[in-house]
Amino acid sequence: MGLFNLHLDEFDELLMTLIDEFDYIILNAGHWFTHPAIYYESHRIIGCHFYNLHSVTDLPMTYDYCCVFRTLL
């Protein structure tokens, strides 16, 4: 697996067009947070995980989960 670029404060546009068709939605995002990633908010890099990026904070996995669930709820 390669490097992921995750925008923690944005929805997937395709999913948002289909969401009204579902009675239930199961959110499963755990696999994204165990791989090297660069995290964005408002289109700015805010941190990374398992990736040595010069002068970018290595964030704990709990930070990512909190941001994603805050965005979803």
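For the structure, check the block above.
Residues numbered from 1 in each chain as written. Predicted model: local features only at pLDDT ≥ 70, side-chain atom pairs only at ≥ 80, totals over all residues. Heavy atoms only, no water.

(A) Fine view of the nonpolar core. Grouped together as the largest cluster of nonpolar side chains are eight residues: Phe 4, Leu 6, Leu 8, Ala 37, Tyr 39, Leu 59, Cys 67 and Val 68. For this core, the secondary-structure elements that each account for two or more residues are β1 (4-7), β2 (37-41) and α2 (61-72). (Core = buried A, V, L, I, M, F, W, Y, C linked by side-chain atoms within 4.5 Å. Buried < 20%, exposed > 50% of the residue type's maximum accessible area, 1.4 Å probe, protein only. Helix = DSSP H or I, 4+ residues; strand = E, 2+ residues; numbered from the N terminus.)

(B) Quick peek at the side chain of His 49. By secondary structure assignment, the location of His 49 is in strand β3 (residues 44-49). With a relative accessible area of 7%, His 49 lands in the buried category. For His 49, the side chain forms a polar contact with the main-chain oxygen of Leu 59, separated by 2.9 Å. (Polar contact = N/O pair within 3.5 Å; in protein donor to acceptor, adjacent residues only side chain to side chain.)

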